[in-house]
Every structure is written in C-alpha cells, then in structure tokens.
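As a plain string of letters, each chain reads:
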Amino acid sequence: MGQRLKEWRVPRYHLGLSTQLQRFGPHDPSFRWSDRQLARAFWTPQGPCTLALRQRGEIIESEAVGEGAGWVEDFLPRMFAFAPQELPNPTPHPGLRSLARDLDGLRVGPMPWPFEVAVAYVFQQRVLFAEAARSYATLVHRHGQAAPGPLPLKLPLTGRQWRELGVDRLQQAGVDPKRARTVMGLSQLDLEFTPEQLARLPGIGPWTEQSVLGLAFGYP
C-alpha cells in the first residue's frame with residue numbers, strides 16, 4: 001500500500017470554497033471536509049485511495065494512501081491547473097462584482113473522482129438534495145468497503161457494486177426507477193470516462209451533464 005506526501009503552491013486558491021460542493025451532503029461516508037482540510041476516499045484505475053488535502057496559506061499539502069496513491073499523485077498537477085475563470089475587468093453588474101469579491105479563491109478544476117460526481121448528480125435528478133444525499137449515504141454505509149488509511153471512511157461503490165445492487169435495491173433506499181436505471185447505465189462506464197461518453201447515456205440530460213462537466217472535469 002503506497003503513501004505519498006507532497007506540497008503544491010496554489011496561489012489565489014481557497015480549498016474550502018473550491019471543494020465544498022464535492023461532499024454529497026453532511027453524512028457522506030466517503031468524505032470529511034472543513035474550511036482548510038478535506039479527506040476523500042475513492043476508487044482509481046489502480047485501486048482504492050484516500051486523499052487528504054490541507055491548506056497553509058498558498059501551500060496545499062497532499063497525502064495519499066492506498067493502492068491508487070501513485071495514480072493520484074500523478075493526477076494532482078491537473079487538479080491545480082485551472083482554466084481561466086476570472087470575470088472580465090471591469091464587470092459592470094454589481095451583483096457579479098460582489099460575488100467575485102466574496103468568493104475570491106474559488107477555483108474550479110478537474111477532480112480525480114469523476115465517477116462519484118456523476119453518481120451524485122444522477123441521484124439529485126428531480127428530487128430535493130437532502131433526499132438524494134440520504135439515499136446515497138444509506139447505500140454507501142451499508143455496502144461500501146472500508147477506505148485505506150486511519151480515518152473511518154467508506155469507499156464509494158464501484159460500477160460493479162452498483163450493478164450487483166440493481167434497480168430494486170436502489171428503490172428500497174428511496175431512488176425512483178428512472179434514476180436507478182440511469183445509475184445502472186452509468187455503472188457501465190470506465191472510471192476515466194469522457195464527457196462525450198457520459199452525454200450519450202440514457203437519462204443524462206443537460207443539467208446532469210453540465211454539473212459533471214463543472215464539478216468533475218473543471219469546465220468553468
């Protein structure tokens with residue numbers, strides 16, 4: 001089991017602002033989050049990993065543990081290589097200027113767990129966020145494996161695990177048949193799927209596609 005510790009200099013970046021939407025509700029068993037620190041358990045093409053990020057000024061400390069630690073270390077430079085996303089200067093709209101000031105440090109970049117983001121947004125289709133997050137947390141608590149490392153986190157479910165649960169088990173956790181079938185289609189994708197592959201799936205509309213493009217692939 002690998003363990004990798006590194007430091008990254010990331011100017012004008014606020015870890016809390018930039019990652020708070022990655023947590024699927026307050027009871028997400030694969031995620032611990034605070035203003036300047038997060039820990040996330042997820043699957044990589046090389047196996048499971050727990051990634052911890054901590055912020056000290058412009059320095060982000062990363063620590064990855066698990067079979068996928070090397071893969072994550074190779075990915076992290078992409079996570080902190082943001083596409084241009086500043087507002088035009090000057091910006092005439094006062095509301096936009098206020099948001100830009102209040103959210104200074106928010107940077108949207110690609111994440112190493114796009115499959116988990118896609119599952120989360122399928123769960124949120126047409127229902128309240130709290131309802132979707134509750135169903136997801138219930139299923140991962142019941143069926144997820146323990147994550148690598150010392151934190152009591154659970155790994156999200158793999159595509160194979162979602163298929164083994166099937167539509168009926170998802171319905172028992174409060175997921176309606178249409179969303180459950182979409183999860184089954186999503187479960188067929190490789191962990192390193194492309195936006196084009198996602199868009200072709202039945203049940204993936206513009207809202208889900210655009211949400212995943214922004215929150216997983218870093219499209220500002």
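Above this note sits the structure.
Residues numbered from 1 in each chain as written. Predicted model: local features only at pLDDT ≥ 70, side-chain atom pairs only at ≥ 80, totals over all residues. Heavy atoms only, no water.

K.L.:
Residues and numbers for the environment of Pro 220, please.
P.N.:
With respect to the helices and strands, the residue Pro 220 is situated in the segment after helix 9 (206-215). Assessed through its relative accessible area of 63%, Pro 220 is described here as exposed. Placed 111 residues apart in sequence, Pro 220 and Gly 109 show a C-alpha to C-alpha distance of 7.9 Å. With near-sequence residues (within four places) excluded, Pro 220 lies in contact with Ala 83, Pro 84 and Gln 85. (Helix = DSSP H or I, 4+ residues; strand = E, 2+ residues; numbered from the N terminus. Buried < 20%, exposed > 50% of the residue type's maximum accessible area, 1.4 Å probe, protein only. Contact = heavy atoms within 4.5 Å.)

K.L.:
So, the packing of aromatic side chains: which residues are in play, and what are the values?
P.N.:
Tallied over the entire structure, the rule returns 12 aromatic pairs. A ring pair is formed by Tyr 13 and Phe 80, whose centres lie 5.7 Å apart and whose planes are at 75 degrees; its orientation type is edge-to-face. Taken as a pair, Tyr 13 in the loop between strand 1 (2-9) and helix 1 (15-19) and Phe 80 in the loop between helix 2 (69-79) and helix 3 (94-102) lie far apart in primary sequence, 67 residues in all. Using a relative accessible area of 7% as the deciding quantity, one classes Tyr 13 as buried. Given a relative accessible area of 13%, Phe 80 falls into the buried group. Arranged with centres 5.7 Å apart and planes meeting at 80 degrees, the rings of Phe 193 and Phe 217 form a pair that is edge-to-face. With Phe 193 in the loop between helix 7 (177-186) and helix 8 (195-199) and Phe 217 in the segment after helix 9, this residue pair connects regions lying 24 residues apart in the sequence. By the ring-pair criterion, three or more aromatic residues cluster together here, those being Phe 24, Phe 123, Phe 129, Tyr 136 and Trp 162. (Phe/Tyr/Trp six-rings, centres within 6.5 Å; stacked < 30°, edge-to-face > 60°.)

K.L.:
Any chance you could break down the pairing of strand 2 (residues 31-34) for me, citing the residues and the numbers?
P.N.:
As defined by bridge partners, strand 2 adjoins strand 3 (residues 37-44) across four bridges and the pair is classed as antiparallel. Each bridged residue has a counterpart across the sheet, and for Ser 34 the counterpart in strand 3 is Gln 37. Joining the antiparallel neighbours strand 2 and strand 3 is a turn of two residues. (Pairing = 2+ DSSP bridges.)

K.L.:
I'd love a proper account of the nonpolar core, names of residues and values included.
P.N.:
Among the nonpolar cores identified, the biggest contains 52 residues, and Phe 80, Phe 123, Trp 162, Leu 170 and Leu 186 are the most heavily contacted of them. Looking at this core, the elements with two or more residues in it are strand 3, strand 4 (47-56), strand 5 (59-66), helix 2, helix 4 (114-123), helix 5 (129-143), helix 6 (159-172) and helix 7. The element that contributes the greatest number of residues to this core is helix 4, accounting for eight residues. Residues within four places of Leu 170 in sequence aside, it is in contact with Leu 139, Trp 162, Leu 165, Val 175, Ala 180, Val 183 and Met 184. If you look at the next biggest cluster of nonpolar residues, it comprises six residues, including Ala 41, Trp 43, Ala 147 and Leu 155. (Core = buried A, V, L, I, M, F, W, Y, C linked by side-chain atoms within 4.5 Å.)

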